[in-house]
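# Fold and geometry: a report
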Amino acid sequence: MNEISARKGGNRSTRRDFMKTAATAVVGAKCENLLSPVALEAARNTMTTAHDPNPYPRRVISWWSTIGDLEWPSRAIREKIQRRADAMAAAKIDVAINFGFHYRFDFAPNFANLHGYFADIANSLHERNIQFMDHFSCNVIARPHTPADLLGYHTHERHCVNLYPDPVAAKDAGYAGYRFNDLRETLIGSGEPTYIDFYAGECLCHNNPNFMEMHKAYLRRLFKEVPLDGIHQDDMGFYGSFSTCGCQYCREKFHRQFGRELPPLSDRNFWGDTSRHPYDWGNYNNPTFRDWVRLRYQSNADHLKVVREVIGPDKILMTCCSSSGPARLNGMGLSAEEWVNVVDWITMENVGLSPKSVQWQGIEPEAMLHKGIARSRSEAGAPAITISYFTFPDGAYLGWAIAHFWGVGNWATTLWGRMPVDPPGAKEEAELILPYNKWDMTHMLEAPGRDVLDVQLAFIRASRDNGWRDAKGRDSWDRVRRWSEFLTKNNLGYEFLTTRDLEAATPRLSTELPLVLDGCPHLNDRICQVIKDFATHGGRLWIVPPLGDHDEHAEPRTKSLLEMLKEDKTVQDRVLVIDPDSGPEILAELIRKEQLAPRLRQISGPKGWSARLRVHGQRLCLHLLNSDLQGVPHPTLEERRGQKILQRIITEPAREPLVLEVDCTGLPALDHATLESPDLNGSRAVSIQSAGGKRRKVTVNLEGIRLYAVVAG
C-alpha cells in the first residue's frame with residue numbers, strides 16, 4: 001500500500017457552511033456611514049481593477065477572515081494582507097473569495113472598518129492580477145437560543161466569525177432604518193421567528209419588501225466602497241423547509257401570484273403528515289400545495305434578481321446550492337435551474353472534510369447535474385466550479401484532482417472553523433494547493449474542454465417539483481442518479497440535459513446518442529413534442545416508465561407520451577422500454593448486443609481507475625482518477641457530530657498497465673500521447689496501437705501514479 005505523499009490531498013460536507021457574525025446597529029442607523037479616511041483612500045485606489053474579467057475560473061481560493069481583521073488598518077493586518085496576496089500570486093490563483101463575516105448584517109456597526117479591510121484586500125490582489133469577490137449569507141443572523149447552541153456555534157462554526165448582539169441589544173438591532181426583528185421569517189404553526197439550531201441563527205424573509213430594501217441599501221454601499229469583482233451571495237433558501245415562512249408577505253405573494261390562501265398547519269389536506277421532518281411535509285396531490293412549492297423556488301430566484309439589479313451585469317454573481325436533484329429540496333426552494341439565468345457561475349458544493357470524501361463517485365451525480373445546468377444557460381454555457389474542502393495536503397490534492405476529472409474550476413478552501421481549534425501546524429490553502437496549480441500552469445489544457453459522450457440523461461424538474469415518487473418511494477432524482485452512478489463506474493461518457501435544454505431542443509440534444517428518460521412522468525407539451533421529433537429524426541429513446549402520463553402541473557394526461565410513441569409505427573424501432581427495476585443494469589446487455597458502442601472500453605489492468613474522454617481544443621485527452629482510495633482519519637481532530645477529519649489517503653499501487661480501447665471516430669487523432677501527472681517529475685510515454693479503423697489501443701503505465709493523471713494527445 002502506498003500513501004499519497006505529504007505534498008498532496010478533500011470530501012463531502014453536510015450542507016454548506018455559512019452563518020453567523022454579529023454586532024449590531026440600532027434602528028435608524030443610516031447607510032450613509034462613511035469609511036474612515038484610510039479606507040476611502042484604499043477604495044479609491046482600487047475602484048478600477050488591474051485586469052480583464054476572468055471568463056473561466058480555474059484556480060479559485062478562499063480568503064479567510066477572522067475577528068481580528070476588524071483591527072484594520074493596523075499595521076499587522078495590512079502586512080498580513082500583503083503576505084497572503086503574495087502567497088496567492090505564487091499559487092497562480094485566478095480568483096479569491098472572502099470567507100468570514102458571514103452573518104454580514106450582524107456586523108452593521110463595523111461596516112466602515114470591514115469595507116476598508118476588503119478594499120485593502122482588493123487593491124492588493126488586483127495588483128497581482130487576481131480577482132476578489134465577497135461572500136456572505138443573504139439572510140441569516142446569529143441568535144443562539146440555548147447554552148448548547150451557543151457552545152456549538154463557537155465550537156464548530158468559528159469560520160463564520162462569531163460576533164452578534166446579546167438578546168437585549170438584538171431587539172433594536174438593524175441597518176438603514178430597518179429593524180432585523182421586523183424582517184424575520186416566521187414558523188407556519190406558531191408565528192414565532194424561524195430558528196435554525198444547526199446554525200444558531202434566525203432568518204430574514206426573502207419575500208419581505210423591507211428586507212429587500214435593506215439588502216439593496218447594503219449592496220449599494222458595499223460596491224461603492226469596495227472595488228469587488230463580484231459576490232457569492234449565499235443561503236438563497238428556506239432553511240426551515242416547509243415549517244417556514246408564514247409571514248404576511250409570503251401569504252400576500254402566494255395570493256398575488258397564484259390566487260391562493262395559505263391554510264393553517266392543522267389542514268392535513270394541504271400540509272400532510274407534520275409529525276415527519278419538515279422537508280417531508282405536504283400533500284402533493286393538492287394543487288394548492290404544489291403552487292406553494294413553486295412560490296418557494298420563485299422567491300429565492302426573485303431575491304437573487306434583486307442582487308443582480310443592484311450589482312449590475314458586469315459583476316460576477318453566484319450562489320451556493322449543494323444539489324438540485326432530490327425532492328426534499330422543494331421545502332427549501334433550492335435549485336440551480338431556477339436561477340441559472342441570473343447568476344454567472346454555477347457552484348457545486350460536493351466535496352468535504354471526512355475520510356468518506358475519497359468515495360468521490362457517490363457525489364458525482366449532483367456535480368454532473370450542476371455541470372449540465374451550467375451548460376444549459378447558453379451555447380457557450382456558464383462556468384462551473386466545485387468547492388473543495390480540505391484540511392491537510394492529501395485533501396487538497398483530492399479536491400483539485402476531482403475538479404480536473406470533472407472538467408470544472410476548483411475553489412480550494414480549508415474549513416478549520418468546523419473544528420474546536422485550528423489544526424496544529426495547519427497550512428493555508430495557497431501553500432497546500434501550490435504544487436498542483438503550478439503543475440496545472442505547465443500542463444495547461446484548453447478549458448473547460450468538451451466531454452466525449454455515450455449517453456444523454458434527461459432530468460425533468462417538474463417531476464421533482466410535483467413530489468412524484470414511484471411505488472418503491474423513489475423520487476425522480478433517485479431514478480436518474482442511478483444511471484449516473486452506473487455510467488461513471490463503467491467509464492461511459494454522459495451528460496445531463498435539463499428541462500431548459502429539452503424545451504429549447506438544444507443542439508446538445510444529439511440524435512447520435514441515446515436519450516435516457518427515467519423518472520420523467522411530468523412533461524409539458526413542448527418537451528413531449530421535442531421528444532417525438534427527436535425519435536422521428538433518428539434519435540433512440542431508452543424509456544423507463546412512466547413517461548409523460550402527467551403534464552408539468554401534475555395534471556393527468558388522457559394518453560401518456562409513452563403510449564403515443566408505442567402507437568407511432570415510424571419510431572417504434574427506436575423506442576426501448578426498460579423495466580424500472582432493471583434501470584441502467586440493462587446497459588451491459590445492450591453493449592453485448594452492440595446496441596451501445598462505448599467510446600472507451602477497458603481491456604485489462606487495475607479496476608480501481610476511472611477514465612473520462614475529453615477534447616481540449618484540438619487535443620484528445622484521457623483523464624484518469626483513482627477510485628480505489630482509503631481515507632485515513634486524523635487521530636484526534638473532529639468536526640460537528642463527531643465526524644472525523646481526513647488526514648491521509650492510502651492507495652493500492654498499480655501492478656499492471658491500464659489498457660484501454662478508444663474509438664476516435666470524429667475526434668482529434670490519438671496517434672501519439674504522453675502521461676502527465678503531479679505524481680511524476682516529468683512526462684511518460686504512452687503506447688498507442690491501432691485496434692482497427694479509428695480505434696486505438698492505449699496502454700498506460702500507472703506506476704507511481706497515486707491519484708490523478710491525464711493522457712494528453
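About the criteria used
Residues numbered from 1 in each chain as written. Predicted model: local features only at pLDDT ≥ 70, side-chain atom pairs only at ≥ 80, totals over all residues. Heavy atoms only, no water. Pairing = 2+ DSSP bridges. Helix = DSSP H or I, 4+ residues; strand = E, 2+ residues; numbered from the N terminus. Axes fitted to C-alpha atoms, helices over the stretch in contact; angles between N-to-C directions. 1 Å grid on protein atoms, 1.4 Å probe; cavity = no way out; pocket = protein on both sides within 12 Å on 5 of 7 lines; lining within 4 Å. Points joined across faces, edges and corners; volume = space filled by probe spheres on them. Nonpolar A, V, L, I, M, F, W, Y, C, P; charged D, E, K, R; others polar. Buried < 20%, exposed > 50% of the residue type's maximum accessible area, 1.4 Å probe, protein only. Salt bridge = Lys/Arg side-chain N within 4 Å of Asp/Glu carboxyl O. pLDDT = per-residue confidence, 0-100. Contact = heavy atoms within 4.5 Å. Right-handed = clockwise from strand over helix to strand, strands pointing away.

Spatial strand order, β21-β26-β30-β29: four strands in an open sheet with antiparallel pairing. Looking at strand neighbours, the two that pair on one side only are β21 (600-604) and β29 (687-690), the edges of this open sheet. Averaged over all pairs of adjacent strands, the angle between their axes in this sheet comes to 25°, without regard to strand direction.

In this structure, the largest cavity encloses a volume near 190 Å³. Along the lines of polarity and charge, the residues of the lining of the largest cavity split into nine nonpolar, six polar and four charged. The space that makes up the second largest cavity amounts to roughly 60 Å³. Val-452, Asp-454, Asn-491, Leu-492, Gly-493, Arg-599, Leu-600, Ala-611, Arg-612 and Leu-613 together form the lining of the second largest cavity. Element by element, the count of residues in the lining of the second largest cavity is highest for strand β22 (residues 609-616), at three residues. Considered class by class, the residues forming the lining of the second largest cavity number five nonpolar, two polar and three charged.

Our focus in this paragraph is the environment of Pro-287. Examined against the element boundaries, Pro-287 turns out to sit in helix α9 (residues 287-311). Pro-287 sits 179 residues away from Asn-466 along the chain, and the two C-alpha atoms are 9.0 Å apart.

Let us look at unusual backbone geometry. Of note, the amide linkage connecting Trp-72 to Pro-73 takes the cis form, showing an omega dihedral of 10°. You can see Pro-73 is positioned in the loop between β2 (59-64) and α2 (75-90). The residue after Pro-545, namely Pro-546, is reached through a cis peptide bond having omega 0°. Topologically, Pro-546 is positioned in strand β19 (residues 541-550). At Ala-176, a residue that is not glycine, the phi angle is positive and equals roughly 55°. On the secondary structure map, Ala-176 appears in the loop between β6 (174-175) and β7 (178-179). Positive phi values are uncommon outside glycine, yet Asp-235 reaches one of about 70°. You can see Asp-235 is positioned in the loop between β10 (230-234) and α7 (248-258). On the basis of relative accessible area, Asp-235 is assigned to the buried category, the value being 0%.

There is about 560 Å³ of room inside the second largest pocket. Around the second largest pocket, the lining is made up of 27 residues, and of these Glu-338, Arg-461, Asp-465, Thr-499 and Glu-503 lie nearest the centre. The set of elements that each furnish at least two residues to the lining of the second largest pocket consists of α9, α13 (461-465) and α15 (499-503). Of all the elements, α9 adds the most residues to the lining of the second largest pocket, at six residues. For the lining of the second largest pocket, the class distribution of residues is nine nonpolar, eight polar and 10 charged.

A word on the environment of Asp-533. Locating Asp-533 in the fold gives a position in helix α16 (residues 525-536). Judged by its relative accessible area of 32%, Asp-533 is partly exposed. The sequence separation of Asp-533 and Val-571 amounts to 38 residues, and the corresponding C-alpha distance is 9.7 Å.

On to the pattern of salt bridges. Scanning the entire structure with this criterion turns up 50 salt bridges. Across the pair Arg-294 and Asp-291 runs a salt bridge, and its minimum N-O distance is 3.3 Å. Highlighted residues: Arg-294 and Asp-291, both in helix α9, separated by three residues, approximately one helical turn. For the residue pair Arg-294 and Asp-291, the accessibility class agrees, reading buried in each case. For Lys-427, the salt bridge identified is with Glu-431, shortest N-O distance 3.8 Å. Relative accessible area serves as the criterion here: at 47%, Glu-431 is assigned to the partly exposed category. Through salt bridges that share partners, Asp-470, Arg-474, Arg-479, Arg-482 and Asp-518 make up one connected network.

So, about the confidence of the model for the protein. Confidence in the prediction for the protein averages 91 pLDDT; 92% of positions are at 70 or higher. The model gives residues 1-54 a pLDDT under 50, and that stretch makes 226 contacts with residues more than four places away or in other chains.

The next point concerns the pairing of β2. Remark: a regular strand shows side chains that alternate across the two faces of the sheet. With respect to burial, β2 is a largely interior element, six of its six residues being buried. Neither face of β2 is exposed, since Arg-59, Ile-61 and Trp-63 on one face and Val-60, Ser-62 and Trp-64 on the opposite face are all buried. Here β2 pairs with strand β14 (residues 409-414) via three bridges, running parallel. Residue pairing in the sheet places Val-60 in a bridge with Trp-411 of β14. Assessed by its sense of winding, the connection that carries the chain from β2 through α2 to strand β3 (residues 95-99) is right-handed.

Glancing now at the pairing of strand β24 (residues 629-638). Looking at chain direction, β24 and strand β25 (residues 644-651) are connected through six bridges and run antiparallel. Bridging across to β25, Leu-629 finds its partner in Thr-651. Hairpin connection, β24 to β25: the antiparallel pair is bridged by five residues, and Arg-641 has positive phi, about 65°.

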